[in-house]
Structure formats: C-alpha cells, structure tokens
Amino acid sequence: MNASRCAICGKPVGPRPGNRSHPFCSDRCRLVDLGRWLREEYRIPGPRAGDGGAPAGEPGEEPGER
C-alpha cells in the first residue's frame, strides 16, 4: 500500500473512499490549503501576467502600431 502524506501537516492520508478530504488528512488541512490559495501564498516566480507591460491597445492592434 502506498502511504501518502498530507501536504499541510505530514500525517498519513487515508484512501479516497473513506477520506472525503483527500488528498489531505482532514477537513482542517483542506481548509488551511484553501486559505493559502485565497491569500495568494502559492505563487509562480516572475512578474504577474499583465503587470508592468505596455498599456493594452485596441483589440486586434499589434503592439507598436500606434
């Protein structure tokens, strides 16, 4: 049997049919993870899409056509 671990607390995770919080060990850990997503704690390094770029032109206009 493959004993997976909870990404939040590291406890063993029960199998999916008996664990409605899968892939977490409990509802608490599931909600902790949701809170991290909502606070934008999970990020991909680098500039955010649309931040710091040139202002958007008219639809269909190529950049630099102005």
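One can find the structure itself at the top, above this paragraph.
Owing to the predicted nature of the structure, the values given are computational and were not obtained by experimental measurement.

## Quick word on the state of the cysteines
Per the counting criterion, the structure on display carries 0 disulfides. In this structure C6 is not part of a disulfide, and its nearest cysteine sulfur, from C29, lies 3.7 Å away. Left without a disulfide partner, C9 is nearest to the cysteine sulfur of C25, which lies 3.5 Å away.

## Some points on the pattern of salt bridges
Inspection of every chain in the model, using the stated rule, returns 4 salt bridges. Linking D27 and R20 is a salt bridge whose minimum nitrogen-to-oxygen distance equals 2.6 Å. Shared partners join several salt bridges into a network, and the residues in it are R20, D27 and R30.

## Points about the packing of aromatic side chains
The final tally for this structure, using the stated rule, is 1 aromatic pair. Both rings, one in W37 and one in Y42, keep their centres 4.8 Å apart while their planes meet at 65 degrees; by these two values the pair is edge-to-face. Given a relative accessible area of 34%, Y42 falls into the partly exposed group.

Rules behind the numbers
- Residues numbered from 1 in each chain as written.
- Predicted model: local features only at pLDDT ≥ 70, side-chain atom pairs only at ≥ 80, totals over all residues.
- Heavy atoms only, no water.
- Disulfide = S-S within 2.5 Å.
- Salt bridge = Lys/Arg side-chain N within 4 Å of Asp/Glu carboxyl O.
- Phe/Tyr/Trp six-rings, centres within 6.5 Å; stacked < 30°, edge-to-face > 60°.
- Buried < 20%, exposed > 50% of the residue type's maximum accessible area, 1.4 Å probe, protein only.

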